[in-house]
Amino acid sequence: MLSQEENDLLCCTGPGTPMGNLFRRFWLPVALSRELPKPDCPPVRMRILSEDLIAFRNTNGKVGLLSRYCPHRGASLFFGRNEEGGLRCVYHGWKFDTTGVCIDMPNEPAECSFKHKIRQTAYPTREAGGVIWAYMGPQEIMPELPELEWTLVPQNHVYVHKRFQHCNYLQNVEGEVDSSHVSFLHREFRPEKFNAAIAGQVLLAQAKDTAPKFLVQETEYGLTIGARRNWDADQYYWRVTKFLMPSFTLIPSEAGSPINFTAAVPVDDKNMVGFTVTWLPDRPLADNDISTIESWTGAYAEVDPKTFEPIASRANDHLLDREKQRTENFTGMRGIREQDIAVQEDQFGGPVTDRTKEHLGTSDTGVITLRRRLLNSVRNFQQGQEPPEPRKATAYRVRPIADIAYRNLSLDEVLDSGDLDLARSEV
Amino acid sequence: MLSQEENDLLCCTGPGTPMGNLFRRFWLPVALSRELPKPDCPPVRMRILSEDLIAFRNTNGKVGLLSRYCPHRGASLFFGRNEEGGLRCVYHGWKFDTTGVCIDMPNEPAECSFKHKIRQTAYPTREAGGVIWAYMGPQEIMPELPELEWTLVPQNHVYVHKRFQHCNYLQNVEGEVDSSHVSFLHREFRPEKFNAAIAGQVLLAQAKDTAPKFLVQETEYGLTIGARRNWDADQYYWRVTKFLMPSFTLIPSEAGSPINFTAAVPVDDKNMVGFTVTWLPDRPLADNDISTIESWTGAYAEVDPKTFEPIASRANDHLLDREKQRTENFTGMRGIREQDIAVQEDQFGGPVTDRTKEHLGTSDTGVITLRRRLLNSVRNFQQGQEPPEPRKATAYRVRPIADIAYRNLSLDEVLDSGDLDLARSEV
Amino acid sequence: MLSQEENDLLCCTGPGTPMGNLFRRFWLPVALSRELPKPDCPPVRMRILSEDLIAFRNTNGKVGLLSRYCPHRGASLFFGRNEEGGLRCVYHGWKFDTTGVCIDMPNEPAECSFKHKIRQTAYPTREAGGVIWAYMGPQEIMPELPELEWTLVPQNHVYVHKRFQHCNYLQNVEGEVDSSHVSFLHREFRPEKFNAAIAGQVLLAQAKDTAPKFLVQETEYGLTIGARRNWDADQYYWRVTKFLMPSFTLIPSEAGSPINFTAAVPVDDKNMVGFTVTWLPDRPLADNDISTIESWTGAYAEVDPKTFEPIASRANDHLLDREKQRTENFTGMRGIREQDIAVQEDQFGGPVTDRTKEHLGTSDTGVITLRRRLLNSVRNFQQGQEPPEPRKATAYRVRPIADIAYRNLSLDEVLDSGDLDLARSEV
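In this text the structure is predicted, and so the values were computed from the model without any measurement.

Participant: So what exactly am I meant to see when it comes to the interface of chain C and chain B here?
Facilitator: A common way to express how large an interface is: the accessible area buried when the components associate. Contact residues are listed per partner, giving 28 residues for chain C and 38 residues for chain B. The contact between chain C and chain B buries some 2,600 Å² in all, and 54% of this surface belongs to carbon and sulfur atoms. Considering only the surface of chain C that becomes buried against chain B, Arg73(C), Phe79(C) and Tyr91(C) emerge as the three largest contributors, covering 30% of it. Asp317(B) is paired through a salt bridge with Arg45(C); the nearest N and O atoms lie 2.9 Å apart. Linking chain C to chain B there are 20 residue pairs in polar contact (both at pLDDT 80 or more). Split by residue class, the side of chain C that touches chain B holds 16 nonpolar, seven polar and five charged.

Here it is as structure tokens:
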């Protein structure tokens, strides 16, 4: 439970808000590279942190990210012509390069110097791991891209996916760090029909212990969140999730299985865009890895390929099937992600949940720790302290872990026993 | 015409409002029993008096009515599993019985006492006459169910129906007590094609006297509203409508014809759910009684059987047919209820009509008296006086009447001549 | 660029606003005559200057324009019966004539005088040029209809058309007086495929000079806005647009081609209704003139014939075709009007553009002058000075011009050389 002030502080990310400014210290995934498939292709609209933007890939293949409206008289650059090294407004022909410089102003006399006074807001971009990243903060302190493993391995080791979700970003991040709900929301009644990729979770869901004990450590990139369940008389089943500032998570899989990354990026305070990534450190994804993903029963929601809107939505009650709920799984909804979206989009009736009404227990330790981590960060930041995490690009070289371990091992020992920390292994 | 303050006082029924609190002293129809057809069937969402609720029928057949969002972290109980004596949240498995007690909390350690501190808001329910009733007020003063005749006769004497209507509840109640509009809004140009059930109204519509004189009496349950029209040199045609607190009406039919009850229950200030009931005191409804009802030409609007939304709606201009309006009836719309909905949903442009703009005449005496009755009730209530009507369960044993009577009879004598007051007859 | 105060002053036209009151000093087009095709036909809803209205043509063919809601209890007169010299409310039968007088009140006793106290708001109307005009201001200063040429020539010389547009009226008027954007937004890559009616604009679009010089004169009806481009060593190409208070324009065509009029009438602050008129002074429109218009490639947007909503809309990205944009024209959208609507409905993200964010150059002289003219008018009006333009009906007898002229001619001489000013020629 939070106070209303705390809830607002964490949830509001528009221009000028404390959390909005904090987000603007980090590189954020904003689109898939394949949305801009080639030089001079059509521009793409987006809204990030309550700012209306337009992305385009110029003639040289570089991605520009500009404020969406022409500074002349506000025409939408979505209608713009993307050609010969810039995006040209269709209203009066003003043309901008990827840095926001006005490189042509054909409706004014050739000798006119007005053009040099115009500068459209533009944000630096990078591409890595099949994703377009943007940095929307002060240029003078722009950090390096975080060295997430999936941005470093060959591209054929990686599957990336985007979806819109109609709730505040934090509801999604809270779901990611909450191992506790897996025993319920994602419980499967027919494990033999379940696909291999989430076998561990099925195992877990079947486990008798639905009340995990949480052990959490603060780290230089965010949090290590260990959820420990009784496995047998001698062993525990551990799920160790990584939270990476400002809104990323690494979700554990069994050793050797593909690993999952997620990012929750605010569109505005009531909407978010979610990126999910699956990768294998050691080999390309095989056809059956991909067909498993595209069965949409796991961490991926099926989306409309043009709009990235989930097929199962609030408007259709997330395709809840009551007969399926009786006989096949806990919710009567198809996939893990689709189940998550269903609950996250309607907590206490709103896209922004009212955390003053909550009743939290010991199983919410992951969620509570996450909020405290974020509140500390944003309050330090309000008092003038720049967040340290963006300067730690290499610290993001970590992995999550799911494993069975003897009961006498501490969280640290479990972490050491796995190849959890890439900083200690070779990537 | 009301002042803005008076209009707000009557129309606003959310939690904490004076009228909202007054409504919460009464048992209210909230759903049809058949919406929860059997034990452990899917739960049903509803919104009543601006509160989001979930109704479910438990394993024993008892109906629970809870606040819709789980007190843990706000997941919607609409997604819940209804099984083994309670409704279980799919997010973390918390389970509630019909009284709001948390009877299982499987995500916390078994020894944990947290569960005993949790109590979900729950409202008592009853079932009578095919309707689920709820009481949303203080438990210590919970009254008996009102003894409406249709809740006491055998179920096969009764037809019950529900519809949503997109306006404030009061616009609908005003229509019910306003006999005057029947001569216009419901006028039929081809009485021979009109069905028998509303023959009296047709008779009336054909009558020369379109300016009824209203005689109103205050009663212990609400109001008796007599509308008297000239019939011939010696007789009057009387329509005596009953208004029953807080928002129920009994609409007259000719002696021996089925009788109609209506209730207008606020969903929120801009929407309502309407219940219409037809019953026969003395015999089961026959097939042709039901086919008359289901011709949707009378007091019943055709609705989508899943959503209870009227087929004729504001979006399709209530299926107004201008040719039909020229040749068949006054509005060009099919049924009496559909005609009522059309005008009620758009009075002075809004779902909440602006009563400061009205110009009322003598024909509005029924409406004026209704408002005064409600204003007196809510003002007394604001000054600490509990409404007396909920304590008068037996006083609701009344009927309306439509009849022709000699001109020398007073309203009281007309009432005595009919079997209007069930308290004086045997039920 | 305007201050926020100036922007609000120009854009807000509801009842009681300064600009709203100024608009109410002028006759305004509000509907097409053919929307009320015959006596006693169905009434038509409209919203003008944020007022909800109902128009009807009575038994004698006269058009009434009333407030939409019955003064009795607010039922919508849209449902009304239009018959025998008036519009009758279906709720209780009150009937109004075109002047708002209540001519029948059948729900009250015949002897009752209440009817004489009721007066529905009614606005005078006129019909001219196939358009219904309304005057919504003080009766005692009602002016004559402006003597626009197309309202004076035979009806078969004229084509009139209506569309809704979802932006503030001023965005549309600014587009009309801005000759500069024609070189871009309306540029055609295949002039040979372009139809004759806009050959001049094609010529222009092809012209090397995309940076016209603006010369503007204030006139008694509004503004003369000359846009002068280099044509060859000796000559200029002139486009002289007329702005007529409060929101009308005359758009130039080559001599002998049909002439275009437009009006932007506020529905409310975020929506407008646009009227476009094409006429020939000297002969009826031929079939090919009309088929040119109805190719919807020029100043006319294709609309749904029932709703007058453009087929190309914000919801479908104005049917933007990126391949067409690459090979056929500048925008990838079909027609000139459709291109205009696309940019006007989304300036700085809103239906009301934020003019504080603009960067205006010399090519915006037309727009700047228009705003200054309107600001002066409304500020004088705020200080008690009635606008002079409505009293100048004959001053509206003007034409626009597009022509090539020797460089030594001034704007005045160009105007004299053309038959621009009807006041100097015979109509």
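Participant: What is the right way to read the relation of the copies chain B and chain A from this model?
Facilitator: Both copies of the chain are related by one operation, a rotation about an axis with a shift along it. Take chain B, turn it by 120°, move it 0.0 Å along the axis, and it overlays chain A with an RMSD of 0.0 Å. On the angle and the small slide along the axis, the relation comes out as a three-fold axis. In terms of proximity to the rotation axis, the leading residue of chain B is Ala315(B), whose C-alpha is 11 Å off the axis.

Participant: Whenever I open this one, the sheet that holds strand S4 (residues 63–67) of chain A confuses me. Can you help?
Facilitator: In a beta sheet, neighbouring strands are held together by backbone hydrogen bonds and run either parallel or antiparallel to one another. Residue and element names in this part refer to chain A. On the basis of which strands lie adjacent, the open sheet formed by three strands has the order S2-S3-S4 and antiparallel pairing. Both edges of this open sheet fall to strand S2 (44–48) and S4, since each of them pairs with a single strand only. Sheet twist, expressed as the mean angle between neighbouring strand axes with direction ignored, is 30°. Bridging between strand S3 (residues 51–57) and S4 involves five bridges; their strand directions are antiparallel. Looking at S4, one finds that Arg57 is bridged to Val63.

Participant: Would you take a moment to explain the confidence of the model for chain A for this structure?
Facilitator: Caution applies to low-pLDDT parts of the model: their predicted coordinates are not meant to be read in detail. Residues and elements named next belong to chain A. Averaged over every residue, the pLDDT of chain A is 93; residues scoring 70 or more account for 93%. Low pLDDT (under 50) marks residues 422–427, which in the prediction has nine contacts with non-local residues, meaning those over four places away or in another chain. Across the interface, the model reports ipTM at 0.95; the global pTM reads 0.94.

Participant: Whenever I open this one, the pattern of salt bridges confuses me. Can you help?
Facilitator: When charged atoms on two side chains of opposite charge get close, those side chains can pair. Residues and elements named next belong to chain A. Summed over the entire model, instances satisfying the criterion amount to 93 salt bridges over all chains. Here Glu127 and Arg57 are joined by a salt bridge, their closest N and O atoms 2.8 Å apart. Here Arg57 lies in strand S3 and Glu127 lies in strand S9 (residues 125–128), a separation of 70 residues in the sequence. Classification of Arg57 as buried rests on a relative accessible area of 9%.

Participant: Would you explain the packing of helix H1 (residues 4–11) of chain A against helix H8 (residues 365–382) of chain A in this entry?
Facilitator: Packed helix pairs are characterised by how far apart their axes lie and by the angle those axes make with each other. Residues and elements named next belong to chain A. In contact at an axis separation of 10 Å, H1 and H8 are set at 80° when each is read in the N-to-C sense. Considering their axes alone, H1 and H8 lie roughly perpendicular with respect to each other. Between H1 and H8, the contacting residues are Glu5, Glu6, Leu9 and Leu10 on the first element and Arg371, Leu374, Leu375, Val378, Arg379 and Gln382 on the second. The residue makeup of the contact of H1 with H8, split by class, is five nonpolar, one polar and four charged.

Participant: Help me out: how do you make sense of the environment of Ser67(B) in this one?
Facilitator: As for its position among the elements, Ser67(B) is in strand S4 (residues 63–67). For the pair Ser67(B) and Arg47(B), spaced 20 residues apart in sequence, the C-alpha to C-alpha distance is 9.6 Å.

Participant: Honestly, unusual backbone geometry in this entry has me stumped. Any pointers?
Facilitator: Glycine aside, residues mostly have negative phi angles, and peptide bonds mostly take the trans form. Residue and element names in this part refer to chain A. Between Met245 and Pro246 the backbone carries a cis peptide bond, its omega angle lying at 0°. By secondary structure assignment, the location of Pro246 is in the loop between strand S14 (235–244) and strand S15 (248–251). Despite not being glycine, Phe308 has its phi angle at roughly 65°, a positive value. With respect to the helices and strands, the residue Phe308 is situated in the loop between helix H5 (287–293) and helix H6 (322–327).

Participant: What is the right way to read the pairing of strand S1 (residues 27–32) of chain A from this model?
Facilitator: Working note: regular strand, side chains alternate between the two faces of the sheet. Residues and elements named next belong to chain A. Summarising burial for S1: six of the six residues are buried, a large majority. Sheet topology note: the S1/strand S10 (residues 131–135) ladder contains five bridges and is antiparallel. Looking at S10, one finds that Ala31 is bridged to Ile132.

Participant: Is there a simple way to explain the sheet that holds strand S11 (residues 131–135) of chain C in this structure?
Facilitator: All names here are of chain C. Here three strands make up an open sheet; going across it, the order is S1-S11-S10 and the pairing antiparallel. Among the strands making up the open sheet, the edge pair consists of strand S1 (27–32) and strand S10 (125–128). The sheet shows a mean angle of 35° between the axes of neighbouring strands, taken without regard to direction.

Participant: Honestly, the side chain of Ser179(C) in this entry has me stumped. Any pointers?
Facilitator: You can see Ser179(C) is positioned in the loop between helix H3 (169–177) and helix H4 (199–206). For Ser179(C), the contacting residues outside a window of four places in its chain are Phe214(C), Ala227(C), Arg229(C), Arg239(C) and Thr241(C).

Parameters and conventions
- Residues numbered from 1 in each chain as written.
- Chains lettered and ligands numbered in written order.
- Predicted model: local features only at pLDDT ≥ 70, side-chain atom pairs only at ≥ 80, totals over all residues.
- Heavy atoms only, no water.
- Contact = heavy atoms within 4.5 Å.
- Buried area = accessible area lost by both parts, 1.4 Å probe.
- Salt bridge = Lys/Arg side-chain N within 4 Å of Asp/Glu carboxyl O.
- Polar contact = N/O pair within 3.5 Å; in protein donor to acceptor, adjacent residues only side chain to side chain.
- Nonpolar A, V, L, I, M, F, W, Y, C, P; charged D, E, K, R; others polar.
- Least-squares fit on C-alpha atoms with pLDDT ≥ 70 in both.
- Pairing = 2+ DSSP bridges.
- Helix = DSSP H or I, 4+ residues; strand = E, 2+ residues; numbered from the N terminus.
- Axes fitted to C-alpha atoms, helices over the stretch in contact; angles between N-to-C directions.
- pLDDT = per-residue confidence, 0-100.
- Buried < 20%, exposed > 50% of the residue type's maximum accessible area, 1.4 Å probe, protein only.
- Parallel < 35°, antiparallel > 145°, perpendicular 65-115°, else oblique.

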